[in-house]
Protein chains: 2
Amino acid sequence: MPHQFGHVSGVKPGDTFPNRKALAAAGVHPPLQAGISGNAAEGADSIVVSGGYEDDEDLGDVIVYTGQGGQDPVTRKQVNDQELTRGNLALARSRSLGRPVRVTRGANHASPYSPRTGFRYDGLFRVEDAWTESGKSGYLVWRFRLMKLEELSDASHGSRKPAGRMNASVSRIIRDTEVSQRVKQIHDYRCQICGQRIETPDGPYAEGAHIRPLGRPHDGPDSLDNILCLCPNHHVMFDHGAFTIADDLTLVGIDGSLRVHKLHRISADSIRYHREHYGPG
Amino acid sequence: MPHQFGHVSGVKPGDTFPNRKALAAAGVHPPLQAGISGNAAEGADSIVVSGGYEDDEDLGDVIVYTGQGGQDPVTRKQVNDQELTRGNLALARSRSLGRPVRVTRGANHASPYSPRTGFRYDGLFRVEDAWTESGKSGYLVWRFRLMKLEELSDASHGSRKPAGRMNASVSRIIRDTEVSQRVKQIHDYRCQICGQRIETPDGPYAEGAHIRPLGRPHDGPDSLDNILCLCPNHHVMFDHGAFTIADDLTLVGIDGSLRVHKLHRISADSIRYHREHYGPG
């Protein structure tokens with residue numbers, strides 16, 4: 001059976017299931033054991049948050065989910081690094097494809113958002129960030145930040161018809177702050193990677209890219225030395241770890257060096273953070 | 001006085017003012033007559049929706065705002081085309097810069113969202129679309145779609161601290177649908193403008209760009225023939241009207257032709273819509 005993305009027929013958010021078999025039979029999460037359903041080509045269609053991994057963090061509308069692999073099959077302790085393969089690759093792919101992921105919570109996960117018993121389907125989320133870190137065990141784990149998708153209504157969508165199943169859409173969000181404006185001005189809207197400046201009828205366009213991301217769990221600062229001026233293409237590549245930056249400001253993963261300006265100092269801590277968490281493996 | 005962006009000190013959404021003079025004195029909207037405050041370099045810091053233009057549409061969290069100019073000063077009827085200058089250019093610039101715009105509603109505008117008397121400051125919006133159309137009068141008018149910014153909370157932001165004034169951030173949102181996935185597959189993630197394919201650790205990346213936009217008031221279809229596979233740079237340029245597409249699929253505004261694939265027919269209606277509403281003037 002091909003993977004089905006978005007809501008599945010006959011199941012709505014809040015519906016509960018006594019066990020994994022019932023959850024699979026309903027088509028919500030086909031595999032009986034794995035926490036991630038999906039593949040490298042299509043992305044992940046579904047995950048179960050059920051306490052199998054020590055590092056999951058459930059904040060309700062935001063879930064920081066730990067990837068799979070590296071566990072001892074008996075003790076379920078982390079005994080090896082995780083890799084960007086199988087379910088982890090599927091989840092990373094969902095982010096790049098902009099595809100929604102079904103989220104089901106199980107009672108086994110200690111969180112105020114978990115059901116008391118069994119499993120509860122909690123709707124569609126988008127993968128908005130993927131990175132690696134040294135987990136509680138000391139081994140490398142993959143981490144995915146998922147955010148609940150708003151079911152688009154007339155008001156928020158501005159459309160005349162409510163979004164149906166087939167329209168489930170995922171957004172990539174570029175967040176610009178007032179400090180970003182200053183960084184873009186200093187570089188005259190030229191990308192610090194390729195030097196290109198995108199021209200539009202109202203003037204040049206560039207994006208302010210936070211090196212150490214804003215928001216949980218990275219909590220990077222919204223400061224001049226933590227922001228790069230990038231074209232949209234290099235912004236995507238930077239956020240997805242297609243390249244990172246060495247201490248001498250040469251690029252790692254692609255050729256070249258960061259273009260600099262004397263009014264714009266870059267934080268060594270921030271680029272180290274990016275390299276350690278997003279750098280090409 | 002330089003333009004101030006974001007909320008102004010001592011004023012919160014919902015605060016009311018008896019007249020434009022009081023609104024200006026509070027720093028919410030400095031000009032006493034013009035509906036748009038701002039300039040071409042910094043963008044627009046504030047607008048007043050007050051019924052001066054026949055074509056404004058107020059949907060609450062979404063406002064379709066008509067640009068300025070082309071009115072007879074006495075009758076206030078539209079007697080000329082509007083141009084991408086002054087306030088219109090400022091609002092278009094706000095979109096490219098990703099800057100928030102203060103919105104104040106006046107009693108003169110006939111809408112359920114208008115105050116009964118005077119003016120009410122209604123918070124920060126982002127400009128998410130800008131285009132031209134033939135107004136009710138038959139003359140060309142500029143139109144801007146503004147969407148209310150969520151004041152980011154802990155839950156939605158995932159940050160440990162609430163977003164303060166200085167952090168007011170604006171997002172550009174890229175919406176991918178299931179039909180977009182098919183278009184991207186057909187083109188093997190190569191941009192239909194430049195042929196480039198962005199590589200990331202989890203695979204190639206491209207964006208599905210709706211030619212006639214989804215959502216009000218364009219109501220473009222989410223169909224294969226209304227979507228292009230673009231790199232992020234050309235997606236921005238296309239959405240901002242830096243180029244459009246002729247009937248013979250040559251590009252207008254930049255050199256070249258649209259790269260096509262036999263499995264992907266392009267709607268002639270959609271490209272005509274884009275040309276008429278977004279094409280470089």
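Focus on the overall build of chain A
- Each helix and strand counted, chain A has 6 helices and 15 strands in total.
- Relative to its length of 281 residues, chain A is compact, with a C-alpha radius of gyration of 20 Å against a globular reference of 19 Å.
- Counting every position in chain A, which comprises 281 residues, the buried fraction comes to 47%.
- Within chain A, residue pairs in contact and separated by at least 24 positions form 59% of the contacts whose partners lie at least 6 positions apart.

Some details on the pairing of strand β3 (residues 43–49) of chain A
Residue and element names in this part refer to chain A.
- Across the 7 residues that make up β3, a large majority, 7, are buried.
- Sheet topology places strand β2 (residues 36–39) next to β3; 4 bridges connect them, and they run antiparallel. Residue pairing for β3: Gly 38 is matched across the bridge by Ala 44.
- Counted along the chain from β2 to the antiparallel partner β3, the turn is 3 residues long.
- As paired strands, β3 and strand β6 (residues 101–106) are joined by 4 bridges and run parallel to one another. Considered in β6, the bridge of Val 48 is made with Thr 104.

Comments concerning the packing of helix α5 (residues 232–239) of chain A against helix α5 (residues 232–239) of chain B
- It is at 6 Å that the axes of α5(A) and α5(B) come closest, and there the two elements cross at 135°. In terms of axis orientation, α5(A) runs oblique to α5(B). Residues A:Pro232, A:Asn233 and A:Val236 of α5(A) form the contact with α5(B), whose own contacting residues are B:Pro232, B:Asn233 and B:Val236.
- In the contact of α5(A) with α5(B), the residues fall into 4 nonpolar, 2 polar and no charged.

Quick notes on the environment of A:Gln71
Residue and element names in this part refer to chain A.
- Within the element layout of this structure, Gln 71 appears in the loop between β5 (62–66) and α2 (86–97).
- Looking at Gln 71, the number of C-beta atoms within 10 Å reads 18, which means it is partly exposed.
- When the C-alpha positions of Gln 71 and Gly 106 are compared, they lie 20 Å apart, and in sequence the two are 35 residues distant.
- Contacts of Gln 71, omitting those with residues within four sequence positions, involve Arg 76, Lys 77, Gln 78 and Val 79.

Observations regarding the nonpolar core
- The biggest cluster of nonpolar side chains holds 44 residues, and the ones touching the most others in it are A:Ala206, A:Cys229, A:Leu230, B:Ala206, B:Cys229 and B:Leu230.
- Secondary-structure elements contributing two or more residues to this core are α4 (178–186), β13 (227–230) and α5 of chain A together with α4 (178–186), β13 (227–230) and α5 of chain B.
- Once you skip the residues sitting within four places of it in the chain, A:Ala206 turns out to touch A:Lys184, A:Tyr189, A:Cys191, A:Ile198, A:Cys229, A:Leu230 and A:Cys231.

A short note on the environment of B:Gln4
Residue and element names in this part refer to chain B.
- With respect to the element layout, Gln 4 can be found in the segment before β1 (16–17).
- Judged by C-beta crowding, with 16 C-beta atoms within 10 Å, Gln 4 ranks as partly exposed.
- Along the primary structure Gln 4 and Ala 44 are separated by 40 residues, whereas in three dimensions their C-alpha atoms are 9.6 Å apart.
- If we ignore the near neighbours within four places in the chain, the residues touching Gln 4 are Gly 27 and Asp 45.

What about the domain arrangement of chain A?
Residue and element names in this part refer to chain A.
- The domain boundaries assigned to chain A delineate domain 1 (16–150) and domain 2 (178–278).
- Domain 1 and domain 2 are separated by 30 Å when their C-alpha centres are compared.
- Opposite the 6 residues of domain 1 that make contact, domain 2 presents 5 residues.
- For the side of domain 1 that touches domain 2, the leading source of residues is strand β7 (residues 119–134), giving 4 residues.

Concerning helix α6 (residues 268–278) of chain B
Residue and element names in this part refer to chain B.
- Looking at α6, one finds that the buried residues are Ser 270, Ile 271, His 274 and Tyr 278. The buried residues of α6 occupy an angular sector of 95° when the element is viewed end-on, so they sit on one face.
- Residues of α6 that are buried in the fold lie against β7 (119–134) and β14 (244–245).

Focus: α2(A)
All names here are of chain A.
- Between its first and last C-alpha atoms α2 spans 16 Å; for 12 residues at 1.5 Å apiece the expected length is 16 Å, and the two agree.
- Burial of α2 is extensive: 11 of the 12 residues sit out of reach of the surface.
- Those residues of α2 that fall on the buried side of the exposure criterion are Gly 87, Asn 88, Leu 89, Ala 90, Leu 91, Ala 92, Arg 93, Ser 94, Arg 95, Ser 96 and Leu 97.
- Directly beyond the C-terminal end of α2, a positive phi value near 70° is found at Gly 98.

Brief notes about unusual backbone geometry
- Cis geometry is found at the peptide bond from A:Arg216 to A:Pro217, where omega equals -5°.
- Its location among the elements puts A:Pro217 in the loop between β12 (207–210) and β13.
- The phi dihedral of B:Arg86 falls on the positive side, at around 45°, and the residue is not glycine.
- Along the polypeptide, B:Arg86 turns up in helix α2 (residues 86–97).

Scoring rules and cut-offs
All residue numbers refer to position in the chain's written sequence, counted from 1. All chains are assigned letters beginning at A, and all ligands numbers beginning at 1, according to the order in which they are written. Side-chain atom pairs in this predicted model are given and counted only at pLDDT of 80 or more, local residue features only at pLDDT of at least 70, and totals for whole chains, interfaces and linings cover all residues. Only runs of H or I of at least four residues qualify as helices and only runs of E of at least two qualify as strands under DSSP, and these elements are numbered from the N terminus. Computation of the radius of gyration draws on C-alpha atoms, with the globule rule given as 2.2 Å multiplied by the number of residues to the power 0.38. Working definition of burial: number of other C-beta atoms within 10 Å of the residue's own, with buried at 20 or more, exposed at 12 or fewer, and partly exposed in between, all C-beta atoms being placed from the backbone. Any residue pair is listed as a contact if its two C-beta atoms, each placed from the backbone, are within 7 Å. Should DSSP find at least two bridges between two strands, the strands are regarded as paired. Here an axis means a line fitted to C-alpha atoms, over the contact stretch when the element is a helix, while the angle between two N-to-C directions is reported on a 0 to 180 degree scale. Roughly parallel covers angles under 35 degrees, roughly antiparallel covers those over 145, roughly perpendicular covers 65 to 115, and oblique covers all other angles. Three residue categories are used. Nonpolar comprises Ala, Val, Leu, Ile, Met, Phe, Trp, Tyr, Cys and Pro, charged comprises Asp, Glu, Lys and Arg, and polar comprises the others, including Gly. In this description, a nonpolar core means buried residues of the types Ala, Val, Leu, Ile, Met, Phe, Trp, Tyr and Cys, linked to one another by C-beta atoms lying within 7 Å. Domain borders in the structure are assigned automatically or taken from a domain database. The reported arc concerns the directions from the helix axis to the C-beta atoms and nothing else. Here the expected span of a helix is defined as 1.5 Å times the quantity of residues minus one.

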